[in-house]
Amino acid sequence: MPDAAFEDQRRRCLALAYRLLGSAADAEDIVQEAWLRWRTVDDIRQPAAWLTTTVTRLCLDHQKSARVRRETYVGPWLPEPLATTDADVDPDTVSMAFLLLLERLSPLERAVFLLRRVFDLDYAAVARTLDRSEAAIRQLAHRADAHLRAARPRYAPTRDQHQALLLRFLMATQAGDLAPLQALLAEDATAWTDSGGHVRAARRVVRGRLHVARLFQGLARKPDSRGLQPELRQLNGWPAVILRRDEAVETAILIETDGALIYAVHVVRNPEKLRGLAR
């Protein structure tokens, strides 16, 4: 098959694989495997449909081993942060909060939800992609919608409002004052710190306004926080902060907010998940 036809679909394939797996590195590997298979087929009449099917099925196979590895993961697990631009994505479908919400679904439910709701395939096309009956796909879609309906992420009305609250949180953390930190947080706020056991970090999700505020107050006072340089970046569709030491990215900080309060702080410190941000 012509290489140009594959390249026309590459970004869409990466977008699908990333949302299915929560890992940009794994998504790249999946798309590369799809490319190798593409090169062995002589006549593909519908490139988009063929690649959607191939990438989805490769991801479903990959998820089996990924879930086994997840069982021994040290501390909370977060998706790999993805650098984006305004033109890249619908921010609501690639945010850290949305990807975490998808983790509540089974692999098949997740695939059906994404193909149907995000990539806008009809039920018949999803059924062909997953080699299931259309009735089964409708049932999976109904279950996925039911799982997600009660826990939709909050989003700020604009990126500017999201960014303003993020920067206020960063400044309050650097100041180390508890009251201003608490004032920015929702009562049921959570803090997730993903280090994968590679660096020191909270081993459990921290819950509640006071406990989250104390966590970040304590982090700001640690000697190893000195010398870190904050940099504003867009990650997963929304403004975020990365912390650098020299040229190395040590931390990525993303928040979930409705523009008034912060409901979740997602901190990625696992160096294996930060390599893509250094480029």
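Right, let's walk through the structure included here. Remember, it's a predicted structure, so these values are computed and weren't measured experimentally. (Residues numbered from 1 in each chain as written. Predicted model: local features only at pLDDT ≥ 70, side-chain atom pairs only at ≥ 80, totals over all residues. Heavy atoms only, no water.)

## Some words on the overall build of the protein chain
For the record, the criterion: Per the convention used, a helix needs a DSSP run of H or I reaching at least four residues, while a strand needs a run of E reaching at least two, with both numbered from the N terminus. As a reference, a globule follows 2.2 Å times the number of residues to the power 0.38, and the radius of gyration itself is taken over C-alpha atoms. For each residue, the accessible area found with a 1.4 Å probe, counting protein chains only, is set against the maximum for its type, and the residue is called buried under 20%, exposed over 50%, and partly exposed in between.
Within the protein chain, the regular secondary structure consists of 11 helices and six strands. Its C-alpha atoms give the protein chain a radius of gyration of 20 Å, within 12% of the compact-globule value 19 Å for 279 residues. Overall size of the protein chain, expressed as C-alpha extent along the three principal axes, is 65 × 40 × 35 Å. For the protein chain, with 279 residues in total, the buried portion stands at 48%.

## Regarding the packing of aromatic side chains
Our working rule: Each Phe, Tyr or Trp ring (for Trp, its six-membered ring) is paired with any other whose centre lies within 6.5 Å, and the angle between the two planes then decides the class: stacked below 30 degrees, edge-to-face above 60, tilted in between.
Using the criterion set out here, one finds six aromatic pairs in the structure. Pairing F98 with F113 gives two aromatic rings, centres 6.2 Å apart and planes at 40°, and the pair type is tilted. Of this pair, F98 sits in helix α4 (residues 96–102) while F113 sits in helix α5 (residues 107–118), placing them 15 residues apart in sequence. By relative accessible area, F98 is classed as buried at 5%.

## Comments concerning helix α1 (residues 3–21)
Definition in use: In this scheme, a helix's expected span is set at 1.5 Å multiplied by one less than its residue total. By definition, a residue's bend is the angle between the axes fitted to the seven residues ending there and the seven starting there.
Under the 1.5 Å per step criterion, the end-to-end length of α1 is 25 Å for 19 residues, consistent within 8% with the ideal 27 Å. R10 marks the point of greatest bend in α1, at about 45°. Within the sequence span of α1, burial applies to F6, Q9, C13, L14, L16, A17, Y18, R19, L20 and L21. Looking one or two residues past α1, G22 carries a phi angle of roughly 70°, positive in sign.

## Digging into the packing of α1 against α5
Selection rule: Orientation is described by lines fitted to C-alpha atoms, with helices fitted over the stretch in contact, and by angles between N-to-C directions that extend from 0 to 180 degrees. Any angle that falls under 35 degrees is termed roughly parallel, while one over 145 is termed roughly antiparallel, one within 65 to 115 roughly perpendicular, and all others oblique. It is the rotation of the near helix from the far one that decides the hand of a crossing: anticlockwise by less than a right angle makes it left-handed, clockwise makes it right-handed. Throughout, a contact is declared for two residues whenever any of their heavy atoms are within 4.5 Å. Classes in brief: Ala, Val, Leu, Ile, Met, Phe, Trp, Tyr, Cys and Pro nonpolar; Asp, Glu, Lys and Arg charged; the others, Gly included, polar.
Contact geometry for α1 and α5: axes closest at 10 Å, N-to-C directions at 140°. By the angle between their axes, α1 is oblique relative to α5. Regarding α1 and α5, the two cross each other, and that crossing is right-handed. For the pair formed by α1 and α5, the contact residues are L16, R19, L20 and L21 on the first element and R110, A111, L114, L115 and V118 on the second. Looking at the contact of α1 with α5 residue by residue, the classes come out as seven nonpolar, no polar and two charged.

## Focus: empty space enclosed by the protein
Put simply, the rule reads: Here a cavity is any set of points on a 1 Å grid over the protein atoms alone where a 1.4 Å probe fits but cannot get out, and a pocket is any open set with protein on both sides within 12 Å along at least 5 of 7 lines; a residue lines the site when it has an atom within 4 Å of a point. Grid points are joined across faces, edges and corners, and a volume is the space filled by probe spheres set on the points.
Under the definition given, this model contains two cavities of 30 Å³ or more. Looking at the largest cavity, it is lined by 16 residues, and the ones nearest its centre are S95, H162, W238, I255 and E256. In terms of residues, the lining of the largest cavity owes the most to one element, strand β5 (residues 248–257), which gives four residues. Among the residues forming the lining of the largest cavity, the class breakdown is nine nonpolar, five polar and two charged. Counted as a void, the second largest cavity has a volume near 70 Å³. Every residue along the wall of the second largest cavity is listed here: L20, L21, Q63, A66, R67, R70, E103 and R110. Of all the elements, helix α3 (residues 47–70) adds the most residues to the lining of the second largest cavity, at four residues. Residue classes in the lining of the second largest cavity are distributed as three nonpolar, one polar and four charged.

## A short note on the pattern of salt bridges
Here is the rule: The rule for a salt bridge is simple: a side-chain nitrogen of Lys or Arg has to be within 4 Å of a carboxyl oxygen of Asp or Glu.
All chains considered together, the criterion is met by 14 salt bridges. Linking D43 and R45 is a salt bridge whose minimum nitrogen-to-oxygen distance equals 3.6 Å. In this structure D43 comes out as exposed when scored by relative accessible area, which is 53%. A salt bridge links D194 to K273, with the nearest nitrogen and oxygen atoms 2.6 Å apart.

## Some points on the sheet that holds strand β6 (residues 262–268)
Our working definition: Two strands pair under a simple rule: DSSP has to find at least two bridges between them.
Spatially, six strands are ordered β2-β1-β6-β5-β4-β3 in an open sheet, and the strand pairing comes out mixed. What marks the edges here is a single partner per strand, and that holds for β2 (206–207) and β3 (229–235). As judged from the six bridges shared by strand β1 (residues 185–194) and β6, these two strands associate in the parallel manner. Residue L185 lies in a different strand from β6, and its bridge partner there is I262. Across the face of the sheet, helix α8 (residues 159–175) comes into contact with β1, β3, β4 (238–245), β5 and β6 while running at roughly 35° to β4.

## Describing the packing of α1 against helix α2 (residues 24–38)
Their axes nearest at 8 Å, the elements α1 and α2 cross at an angle of 145°. The handedness of the crossing between α1 and α2 comes out as right-handed. Contact residues: D3, A5, F6, R10, C13, L14, A17, Y18 and L21 in α1; A24, D26, A27, E28, I30, V31, A34, W35 and W38 in α2.

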